[in-house]
Structure formats: structure tokens, C-alpha cells
Amino acid sequence: MTVWDDLVGQDRVREQLAAAARDADALVTAVSDGKPEDAEAQGSKMTHAWLFTGPPGSGRSTAARAFAAALQCTSPDRALGGEPGCGFCDGCHTSLIGTHADVQVIRTDLLSIGVKETRDLVRRAQLSPAVGRWQVIVMEDADRLTEGAGNVLLKAVEEPAPRTVWMLCAPSLEDVLPTIRSRCRHLTLGTPPVEAVADVLIRRDGVDPERAHSAARATQGHIGRARRLATDERARARRAAVLKVPLRVADVGGCLKAAQELIDTATDDAKQMAEEVDAKETEDLKAALGGVAGGRMPRGTAGAMKELEDKQKRRKTRTQRDSLDLALTELTGFYRDVLALQLGSRIAIANVDVQDSLDRVAESSTPAQTLRRIEAVIACRQAMDRNVAPLLAVEAMTMSLRAG
């Protein structure tokens, strides 16, 4: 199993990355052999900065991690013509599981990535590889960089260290500063086919074929959501509740109750994650600062504890928003299926498990009403991006769903 096997339905991107990994391998080998002129000739497909874009679930971070592993590949088969990225050597294995000393993967549980964190990354990027062939920095949430953080990163991308590679991941080019994206090689990933996603769930996760196909179809090719839906009973129950909303907005009371339940579900998700992570983080920090279980903390540590509490609050806010956004995505998919039925489209229905509900809504409304309802869901997502109170935004949406 090579490092590329997890790139589901991305054959063109896989070929481009494999070619770049071969040239990168030739570049390092030529420099090591004291033949830099050969490196210059061989390294045309390799560059120091990459930008992976594509819709959610397309596998942006998976592609970046696979490429990072291929760059660190130490398989002896390379000398015999084998491609970097065997998936079995120490370089590949440690890169994929996140323990390689020269592969730094950056993701955030917060709403943004700030200047301080970015400066730390830039300092690391100036170092030579410790044990590997390249110093690789994978930023999974490049779209969450603040403007100040983006300006800090720009300097590092403009003047990279000789053996440092930046890999930025974002939903679209517009989510990254123009000055940064103009200095990166751009790779666009598409939504994987439903069949390809189902095959991965069956082959790698051991999911029952019928459930795998149902999850892949319901999530419309989103790999991460499909895996969670296929393996997590709680996720299936939450989705079932969300898809009942269109049938519960017949009156004002139903609208307000449905909105409150969506908010409560998102809050519960955030609370569950906080219970799993926050307590351990707090205890670890107390121990690191010299605190005693059940006793008072040493003087001068209040600032560090306050900083951790603020971070946990921001993470909880993001978790709540992400959960709400997922619910709104599922509602959009529901009305998309309704519109397909109303127009007699031949596109595949995603939510076949609630076919009765789709038929009822399709028969009791017009295509124009369905389009207005889709616009209401989109407007709710935009309102939350502008920091409108979630409950107010969702209540406005459910009232609009009722009006049609």
C-alpha cells in the first residue's frame, strides 16, 4: 500500500505529486552526490510552496500528507527505479502517523490562526532537516490565517530555506491572500465519486457495503463525513433529526422549537468535545507549572491558566459553529433533492433513506419555493460567518423555510 492509496478519486493530482516527488528525490540525491547541475536539470517539477484547494471532503490534507511522506521516503527501491512513497519505510510511516521530526502538520481547533503561531512556524521553517530529506510544513487550515499571520507567512514563502517545503490547504484560491497564492504551485482537487468513497470505507474501515454506499451517497462524496456517518451511531441519529426539520416548520411554534433543538445539538457536540479534551489539557498544564493536585497553583501561573481557558472557549465556539454548519449542509442537500424531484432531474438522490419526506415536501411546494428555502439556508450560514447570534440566525432561517 503506497502513500497515494488514500487519494480517493484524484488520479490527476496523484500523478502530479508523484512526478514532483520523483524530481525532489533526484534533487536531493544530486546535491548529496555533489552534482548541483544535475539537480537543477532534474528539479523542474518540484517547488518550495504548494497550495491544495478543493471542496470540503475532497482530501486536501490527505494529499498534502501523502506528498510529505513521499518527500521523506527512504525506501531502497528508489535506487532501482521505484517511486518515492512506498508507504512502508520509516520515512513514509512516521510522516503519515505524525511522528516524523521534519514534518509539521498544523491544524487549528480555533476560529483563526494568529501571528504568534505563524511566527513560530516561520522560525521552524528556517531550520535544516534534522533526520529527513526535507523540512515539510503542512498547514491544513490556511484559510483561517488572520491578515497579520498571512503577512508573516508571506515572507517565509518569498524567501524559503533551501530544503523547506510549505503545503497550504484551503477550500478555494480566494481563501488565501493573493500575494501568497501567487507564489505557490496550485493543485485543485474535485469531489470524489460516491463509488470511490464507498470502496474506501469497505476496504480500509471494514464498513458493511450497504451502509458504506448509503453513507457515501448521503454525504455526496465527503470522505470524512461519510466515514463518521458509517461508523458513528450518534452521527446517524443527529442527521436523522436534522432531516426532519423541513416537516416541522408548519407553524411558528414548530419553527422556534426546531431552531432551538439545532442549537442545543450543536452545543452538546461542543460540550462533549470539551469534556474529552479540556480536563486533560488543564491537568497537564497544572502539572507542567508545578501545581499540586487539589492544592493552589504557584504564583505567576495565573496568566498561563487564563490563556488556556480562553483557548478552550474559542475552540468550543468553533466546534459549535462547525456542528451547526454541518446541519445546514445536510438541510441544503435535502432541498437539493427536493428540487431534483420537482424538476424531474436524473441526478442521483442523496437522501434516499428519507424518500417519503422528500416526496411530501416536493408535492406540497413549487421549485421557486424550494430555491428560496435553499437561499435561506445559505443566508443563515453567511450570517453566522458575520458573528450573528446562532439562535437568531437559525430562527430566521426556520421562519423562512416555513414561508417558502
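Nothing here was measured: the structure is a model prediction, and the numbers come from that model.

What counts and what doesn't
- Residues numbered from 1 in each chain as written.
- Predicted model: local features only at pLDDT ≥ 70, side-chain atom pairs only at ≥ 80, totals over all residues.
- Heavy atoms only, no water.
- Helix = DSSP H or I, 4+ residues; strand = E, 2+ residues; numbered from the N terminus.
- Rg over C-alpha atoms; globule rule 2.2 N^0.38 Å.
- Buried < 20%, exposed > 50% of the residue type's maximum accessible area, 1.4 Å probe, protein only.
- Areas by Shrake-Rupley, 256 points an atom, 1.4 Å probe, with all protein chains shown as cover.
- Lys, Arg positive; Asp, Glu negative; His and termini not counted.
- Charge placed at Lys NZ, Arg CZ, Asp CG, Glu CD.
- Pairing = 2+ DSSP bridges.
- Axes fitted to C-alpha atoms, helices over the stretch in contact; angles between N-to-C directions.
- Contact = heavy atoms within 4.5 Å.
- Parallel < 35°, antiparallel > 145°, perpendicular 65-115°, else oblique.
- Nonpolar A, V, L, I, M, F, W, Y, C, P; charged D, E, K, R; others polar.
- Left-handed = near helix turned anticlockwise from the far one by under 90°.
- Expected span 1.5 Å × (residues − 1).
- Phe/Tyr/Trp six-rings, centres within 6.5 Å; stacked < 30°, edge-to-face > 60°.
- Lys NZ or Arg CZ within 6 Å of the ring centre and 35° of its normal.
- Polar contact = N/O pair within 3.5 Å; in protein donor to acceptor, adjacent residues only side chain to side chain.
- Right-handed = clockwise from strand over helix to strand, strands pointing away.

Visitor: Quick question: what am I supposed to make of the overall build of the protein chain here?
Guide: Scanning the protein chain from terminus to terminus reveals 16 helices and five strands. Scaling as 2.2 N^0.38, a compact globule of 404 residues should have a C-alpha radius of gyration of about 22 Å, and the protein chain matches this with 24 Å. Dimensions of the protein chain, computed from the C-alpha atoms along their principal axes, are close to 75 × 65 × 40 Å. Scored against the burial criterion, the 404 residues of the protein chain give a buried share of 45%. Accessible area of the protein chain: about 20,200 Å², with a carbon and sulfur share of 51%. Side-chain charges in the protein chain split into 55 positive and 57 negative, and the spacing between the mean points of these groups amounts to 3 Å.

Visitor: Would you mind showing me how to read the sheet that holds strand 3 (residues 135-139) here?
Guide: Sheets are built from strands paired through backbone hydrogen bonds, the pairs being either parallel or antiparallel. Pairing is parallel across the open sheet formed by five strands, whose spatial order is 2-3-4-1-5. The sheet is open, and its two edges are formed by strand 2 (103-106) and strand 5 (185-188), each paired on a single side. On average, adjacent strands in this sheet sit at an angle of 15° to one another, irrespective of strand direction. Against the sheet, helix 3 (residues 60-71) touches strand 1 (49-53), strand 2, strand 3 and strand 4 (164-170), its axis set at about 165° to strand 4.

Visitor: Help me understand the packing of helix 13 (residues 302-343) against helix 16 (residues 390-403) in this model?
Guide: The description of two helices packed together rests on the angle between their axes and the distance between the axes. Relative to each other, helix 13 and helix 16 sit at 10°, their axes nearing to 13 Å. By the angle between their directions, the pair helix 13 and helix 16 is classed as roughly parallel. Taking contact as the criterion, the partners of Leu324, Leu328, Leu331 and Tyr335 in helix 13 are, on helix 16, Pro390, Val394, Met397 and Leu401. Class assignment of the residues belonging to the contact of helix 13 with helix 16 gives a composition of eight nonpolar, no polar and no charged.

Visitor: What is the right way to read the packing of helix 13 against helix 15 (residues 367-385) from this model?
Guide: Between helix 13 and helix 15, the shortest axis-to-axis distance is 9 Å and the interhelical angle comes to 165°. Here helix 13 lies roughly antiparallel to helix 15, going by the angle between them. Once helix 13 is placed against helix 15, the crossing between them reads as left-handed. The class makeup of the residues in the contact of helix 13 with helix 15 is 13 nonpolar, four polar and five charged.

Visitor: It is not clear to me how helix 3 should be interpreted in this structure. Could you clarify?
Guide: Note: α-helices contain 3.6 residues per turn, so residues at a spacing of three or four share the same orientation. When the terminal C-alpha atoms of helix 3 are compared, their 17 Å separation across 12 residues agrees well with the 16 Å that a helix rising 1.5 Å per residue should span. Counting buried residues in helix 3 gives 10 out of 12 residues, a clear majority hidden from the surface.

Visitor: What is the right way to read the packing of aromatic side chains from this model?
Guide: Describing an aromatic ring pair means giving the distance of the ring centres and the angle of the ring planes. Counted under the stated rule, the structure contains two aromatic pairs. With a centroid separation of 5.0 Å and 75° between ring planes, the pair formed by Trp50 and Phe67 is classed as edge-to-face. Of this pair, Trp50 sits in strand 1 while Phe67 sits in helix 3, placing them 17 residues apart in sequence. With a relative accessible area of 2%, Trp50 lands in the buried category. Measuring from ring centre to ring centre gives 5.5 Å for Phe334 and Tyr335, while their planes differ by 85°; the resulting arrangement is edge-to-face. Here the two residues Phe334 and Tyr335 agree in accessibility, since each one is buried. Across from the ring centre of Trp134, 6.0 Å away, lies the NZ or CZ of Arg163, which sits over that ring.

Visitor: Before we go on, may I ask you to explain the side chain of Gln10 in this structure?
Guide: Checked against the element boundaries, Gln10 lands in the segment before helix 1 (11-32). A distance of 2.6 Å separates the side chain of Gln10 from the backbone oxygen of Gly190, its partner in a polar contact.

Visitor: Would you mind showing me how to read the pairing of strand 2 here?
Guide: Within a regular strand, the side chains alternate between the two sheet faces. Sheet analysis places strand 2 next to strand 3, joined by four bridges and oriented parallel. Residue pairing for strand 3: Val103 is matched across the bridge by Val136. After leaving strand 2, the chain enters helix 5 (residues 115-125) and then returns to the sheet as strand 3, a path that is right-handed.

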